[in-house]
Amino acid sequence: MAKDLAHLSDEALVALVVRSDHVALAELYDRYGRLAYNLAYRILRDQALAEDAVQEAFLAVWRSAQRFLPERSKASTWILTLVHRRAVDLVRREERRRADTLDESYEAADRSTEETAWLRLERERVQAALRRLPDQQREALELAYYGGFTQSELAERLGQPLGTIKSRMFAGLARLRELLQEAAVEEHPWSPRQSTS
Amino acid sequence: MEPEAIHELTAAYALNALDPGEEEAYEEHLRRCDHCRAELAELQDAAAALAFAAEGPAPPPALRERILERAAAERPNVVPLTSRRRWVAPAFGAVAAVAAGVAIGIGVWASSLHGSLDTQKRLAESQAQVIALFSGRVQQVPVEGADGTLVVDRKGAGALVLSGLAPAPAGKTYEAWVIVGGEARPAGTFEGGGDTSVHRLTRPVPPGAVVALTVEPDGGVEQPTTTPFASTPAI
């Protein structure tokens, strides 16, 4: 039954979730659940906490889908932002040791389990773009995004003025966006993606 | 904080890296600042891309079940999903028209993280628009001769979703017709153009009707003057 929805856009699925369509929620989880969990686990480094973050985020999707405006943003951005926010809140509240860099190794139980081609491709694309950022911008983005540090904490940690940190964050995100759009121009027409989980 | 400085918080907000206490002020500012809202949307897309860069383990299968159970407990499925298939007459090509609960499938509409953002966004918005237009079960029927779908609900309200329709020639317009028992009645005019467009029909589509499209003089006409270039099978 869930396969009937496989070719709907993410935004269409969110519209269906507004109408309490469980299958649509399941399809959204199948698309973004693994990614959400990866992200939460990267930030929290704890399975139970990562599960909590993902669960809260998808329940937030379920409860607040009517507030999502497709003309304002993408559904995937909305969902991943919800996950990120919860994970960051938890890592701060639980005072977990923060992630330092993206390359930091972690105790992965089964990294390779059935990762889809789509997910792997997107990851490689983003990693390639990140490598092209100036070091200081990349560092600011990684520490903020994966470490859950606030801008003031970053300023202190890196021994930089707050204004400098703000500039690096802005320039880093803006440049990342440019690089990803450049990559998009070269890509082939889209084909239906498979579930990520 | 000085008013000018609040715009500089957008990137940190996109990264969920604002200092405690700043979030509220920034969100309040967002309500009134179109520029920041637009900028935030772009920066949030970039930040969300960072989610893809980290590798990680697969979540336990139980997580999926827990989420779906909790969601169901909070709000049971309001519209039951059923699957009712109707088969199209061979003359129109053997494409099945599937009435599938509230699901609407229109070609390949999956949105890409890095695809042409504007096009994908418009496609996705159109699809969401169509779903929002209807309540309850809908039927979808392919439009033969144009890239698109007719969506009809149980009361006969219909909308055409058309993709990549060239703009109507100068002095002309596209016109939709609801044809019942051989009689065609006007159901709305539109210009075409754009990637994907959604057009509500101005008259209901009863069972057994066919919806067709013709090119007519600007302003539309009462009866088709040309042979339809596209039409649906009987509803």
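Because the structure is predicted, anything quoted here is derived from the model rather than measured.

A.B. asks: Looking at this structure, how should I read the overall build of chain B?
C.D. replies: Across its full length, chain B carries 5 helices and 10 strands. Put simply, chain B has 235 residues, and 51% of those count as buried. Pairs at least 24 apart in sequence give 55% of the contacts found in chain B among residues at least 6 apart. Entry remark: accessible area of chain B is about 10,600 Å², with carbon and sulfur atoms responsible for 54%.

A.B. asks: It is not clear to me how the confidence of the model for chain A should be interpreted in this structure. Could you clarify?
C.D. replies: Detailed reading of predicted coordinates is not advised where the pLDDT is low. Residues and elements named next belong to chain A. On average, residues of chain A score 85 in pLDDT, and 81% of them reach the 70 mark or higher. Under a pLDDT of 50 for its full length, residues 105-110 has, in the predicted model, 11 contacts with residues more than four places off or in other chains. Low pLDDT (under 50) marks residues 188-197, which in the prediction has 28 contacts with non-local residues, meaning those over four places away or in another chain.

A.B. asks: Please clarify how helix 2 (residues 22-44) of chain A should be interpreted in this entry.
C.D. replies: An α-helix turns once per 3.6 residues; consequently, residues spaced three or four apart project the same way. All names here are of chain A. Here helix 2 is 23 residues long, yet its end C-alpha atoms lie only 28 Å apart, well below the 33 Å a rise of 1.5 Å per residue gives. The largest bend along helix 2 reaches roughly 55 degrees and is located at Tyr32. The element helix 2 is largely enclosed, with a buried count of 22 among its 23 residues. Measuring from the backbone nitrogen of Val23 back to the side-chain oxygen at the start of helix 2 gives 3.0 Å, which picks out Asp21 as the cap. The positive-phi residue at the C-terminal boundary of helix 2 is Arg45, with phi of around 50 degrees.

A.B. asks: Help me out: how do you make sense of the environment of A:Arg31 in this one?
C.D. replies: Here A:Arg31 lies in helix 2. Sequence spacing of A:Arg31 and A:Ala6 is 25 residues, and the spatial spacing of their C-alpha atoms is 9.2 Å.

A.B. asks: Teacher, can you tell me more about the packing of helix 2 of chain A against helix 4 (residues 75-93) of chain A here?
C.D. replies: Each pair of packed helices can be summarised by the angle the axes make with each other and by the distance between the axes. Residue and element names in this part refer to chain A. The N-to-C vectors of helix 2 and helix 4 enclose an angle of 30 degrees; their axes lie 9 Å apart at closest approach. Regarding the angle of helix 2 to helix 4, the classification is roughly parallel. As helix 2 packs across helix 4, the resulting crossing turns out to be right-handed. For the pair formed by helix 2 and helix 4, the contact residues are Leu28, Tyr32, Leu35, Ala36, Leu39, Ala40, Ile43 and Leu44 on the first element and Ser76, Ile79, Leu80, Val83, His84, Ala87, Val88, Leu90 and Val91 on the second. Each residue belonging to the contact of helix 2 with helix 4 can be placed in one class, and the counts come to 15 nonpolar, 2 polar and no charged.

A.B. asks: Help me out: how do you make sense of the sheet that holds strand 4 (residues 148-153) of chain B in this one?
C.D. replies: Note: strands within a sheet are paired through backbone hydrogen bonds, in either parallel or antiparallel orientation. All names here are of chain B. On the basis of which strands lie adjacent, the open sheet formed by 4 strands has the order 3-4-5-8 and antiparallel pairing. Edge positions in the open sheet fall to strand 3 (138-143) and strand 8 (196-200), since each of these has one partner strand only. Recorded for the sheet is a direction-independent mean angle of 20 degrees between the axes of neighbouring strands. Sheet topology note: the strand 4/strand 5 (residues 158-163) ladder contains 5 bridges and is antiparallel. By the bridge assignment, Thr149 is partnered in strand 5 with Val161.

Rules used in this analysis
- Residues numbered from 1 in each chain as written.
- Chains lettered and ligands numbered in written order.
- Predicted model: local features only at pLDDT ≥ 70, side-chain atom pairs only at ≥ 80, totals over all residues.
- Heavy atoms only, no water.
- Helix = DSSP H or I, 4+ residues; strand = E, 2+ residues; numbered from the N terminus.
- Buried < 20%, exposed > 50% of the residue type's maximum accessible area, 1.4 Å probe, protein only.
- Contact = heavy atoms within 4.5 Å.
- Areas by Shrake-Rupley, 256 points an atom, 1.4 Å probe, with all protein chains shown as cover.
- pLDDT = per-residue confidence, 0-100.
- Expected span 1.5 Å × (residues − 1).
- Bend = angle between axes of the 7 residues up to and from the residue.
- Polar contact = N/O pair within 3.5 Å; in protein donor to acceptor, adjacent residues only side chain to side chain.
- Axes fitted to C-alpha atoms, helices over the stretch in contact; angles between N-to-C directions.
- Parallel < 35°, antiparallel > 145°, perpendicular 65-115°, else oblique.
- Left-handed = near helix turned anticlockwise from the far one by under 90°.
- Nonpolar A, V, L, I, M, F, W, Y, C, P; charged D, E, K, R; others polar.
- Pairing = 2+ DSSP bridges.

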